[in-house]
Amino acid sequence: MARKITILHISDHHRITEVNVDCLSASFNVEKEYYRANNIPMPSFIVVSGDIIQGSKEDDASIAQEEIRSQYEVAAKFLAGLCDLFFGGDRSRMIIVPGNHDVSQYVTRGCMSKIDADDYEPFVDSLWNDDSNIRWSWKDLSFYQINDTIRYKDRFNDFISFYNSFYQDVKWPDRKYPALVDAEADIIDFKEEGVTFVCFNSCYQLDHLQQRGYISFNALSNLSTKLLAKKRQGRLLVAVWHHHTQGLPKETNYLNYRILDNMTKYGIEI
């Protein structure tokens, strides 16, 4: 008989330093007792799908970094508590991906400059390219350009520091965030349970002026051989990312849906 797999899915914590998470942690103790009393299986895994923190709007890098670091400390305490509660402290069973609030805006703001030009047509045309370095600001009705592409990649550094620290004692599966932070996915495989999590960063090219959800097609295609192999081995493939798959007409912060079809082609079922 196949073993049942249960997943506790939580998202959008938006942790800030000033909030005490003890009451939130206590509520999960109540939930655990409810599960036990009603013969509901305890979670096999916990999926945390982004927006771990609220983030900082400070322009000063040192102030913003300290604020973000403190927020991640609060979040780590809460998430570690969940691992203690459900897994006896085993953090390997918690799956974490970043969300748009995990992108450090003080970095992206410092990478851009306003465009001052007589002809804006070329910028309009390139705005919609997948890898465009042009951004549009509705706040001041201006085009901006990313002029420091090297530093732009550092916008995930605060999240990566949190992630690698949180999993530093996990020996298997080894947890280090991928080197290509917004264009590389990660596979976390659990052979005994027959499940493989495919962890995507849906914040490709995302910053304070561009909030769309986007998963790099390379992030999926580069894993194609591994995914098909896991599928042949009988694994249940579960994709994890942050953004919604649809939004209202005035919204832009949802996923480019085209990648979903490709996911099914590589055997991803959930």
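**Regarding the side chain of Asp158**
Looking at the secondary structure, you find Asp158 in helix H6 (residues 157–166). With no salt bridge to any partner, buried Asp158 finds its closest opposite charge in Arg69, at an N-O distance of 8.9 Å. For Asp158, the side chain forms a polar contact with the side chain of Ser104, separated by 2.5 Å. Non-local contacts of Asp158, meaning those with residues more than four positions away in its chain, are made with Gln65, Ile68, Tyr72, Ser104 and Tyr106.

**Observations regarding the packing of aromatic side chains**
Each pair of aromatic rings is reported with the distance of its centres and the angle of its planes. Tallying each qualifying case throughout the model produces 19 aromatic pairs. Between Phe123 and Phe143, the aromatic rings sit 6.1 Å apart at their centres with planes inclined by 40°, giving tilted as the arrangement. In this pair, Phe123 is assigned in helix H4 (residues 121–126) and Phe143 in strand S6 (residues 142–146), connecting sequence segments 20 residues apart. Given a relative accessible area of 8%, Phe143 falls into the buried group. With a centroid separation of 5.1 Å and an interplanar angle of 90°, the aromatic rings of Phe166 and Tyr167 are classed as edge-to-face. These aromatic residues form a ring-pair network of at least three members: Tyr72, Phe159, Phe162, Tyr163, Phe166, Tyr167 and Tyr177. Positioned over the ring face of Phe166 is Arg91, at 4.4 Å from the centre of the ring. Sitting over the ring of Tyr167, Arg175 keeps its end group 4.6 Å from the ring centre.

**With respect to the pattern of salt bridges**
In the structure shown here, the tally under the stated rule is 13 salt bridges. Salt-bridge contacts for Glu73 lead to Arg69; the nearest nitrogen and oxygen are separated by 2.2 Å. Linking Glu73 with Arg69, this pair stays in helix H2 (residues 61–87), spanning four residues, or about one helical turn. The residue Arg93 makes a salt bridge to Glu193 at a minimum N-O spacing of 2.4 Å. Taken as a pair, Arg93 in the loop between H2 and strand S3 (94–97) and Glu193 in the loop between strand S7 (186–190) and strand S8 (195–199) lie far apart in primary sequence, 100 residues in all. Taking the relative accessible area as the measure of exposure, Arg93 reaches 18% and is therefore buried. Residues joined by salt bridges that share partners form a network here, namely Glu66, Arg69 and Glu73.

**Examining the layout of surface pockets**
Volume-wise, the largest pocket comes out at about 1200 Å³. Lining of the largest pocket is provided by 37 residues; of these, Trp136, Leu209, Gln210, Gln211 and Thr252 occupy positions nearest its centre. Every element with two or more residues in the lining of the largest pocket is listed here: helix H3 (105–109), strand S5 (134–137) and S6. At three residues, S5 tops the list of elements feeding residues into the lining of the largest pocket. Here the lining of the largest pocket is built from residues that sort into 14 nonpolar, 14 polar and nine charged.

**A look at empty space enclosed by the protein**
Tallied over the entire structure, the rule returns one cavity of 30 Å³ or more. Quantified by volume, the largest cavity comes out at close to 50 Å³. As for the largest cavity, its lining consists of Ile96, Val97, Tyr163, Tyr177, Pro178, Glu184, Ala185, Asp186, Cys199, Phe200 and Asn201. Among the residues forming the lining of the largest cavity, the class breakdown is eight nonpolar, one polar and two charged.

**Re the packing of H2 against H6**
Where H2 contacts H6, the axes come no closer than 10 Å and their chain directions differ by 30°. Viewed along their axes, H2 and H6 form a crossing whose handedness is right-handed. Taken together, the residues of H6 that come into contact with H2 (itself represented by Gln65, Ile68, Tyr72, Ala76, Leu79, Ala80 and Cys83) are Asp158, Phe159, Phe162 and Phe166. Looking at side-chain class alone, the contact of H2 with H6 contains nine nonpolar, one polar and one charged residues.

**Regarding the sheet that holds S3**
Strand order in this open sheet of three strands is S1-S2-S3, and the pairing throughout is parallel. Strands with a single pairing partner mark the edges of an open sheet, and in this sheet they are strand S1 (7–10) and S3. Averaged over neighbouring strand pairs, the angle between their axes works out to 15° when direction is ignored.

Definitions and cut-offs
Residues numbered from 1 in each chain as written. Predicted model: local features only at pLDDT ≥ 70, side-chain atom pairs only at ≥ 80, totals over all residues. Heavy atoms only, no water. Helix = DSSP H or I, 4+ residues; strand = E, 2+ residues; numbered from the N terminus. Buried < 20%, exposed > 50% of the residue type's maximum accessible area, 1.4 Å probe, protein only. Lys, Arg positive; Asp, Glu negative; His and termini not counted. Salt bridge = Lys/Arg side-chain N within 4 Å of Asp/Glu carboxyl O. Polar contact = N/O pair within 3.5 Å; in protein donor to acceptor, adjacent residues only side chain to side chain. Contact = heavy atoms within 4.5 Å. Phe/Tyr/Trp six-rings, centres within 6.5 Å; stacked < 30°, edge-to-face > 60°. Lys NZ or Arg CZ within 6 Å of the ring centre and 35° of its normal. 1 Å grid on protein atoms, 1.4 Å probe; cavity = no way out; pocket = protein on both sides within 12 Å on 5 of 7 lines; lining within 4 Å. Points joined across faces, edges and corners; volume = space filled by probe spheres on them. Nonpolar A, V, L, I, M, F, W, Y, C, P; charged D, E, K, R; others polar. Axes fitted to C-alpha atoms, helices over the stretch in contact; angles between N-to-C directions. Left-handed = near helix turned anticlockwise from the far one by under 90°. Pairing = 2+ DSSP bridges.

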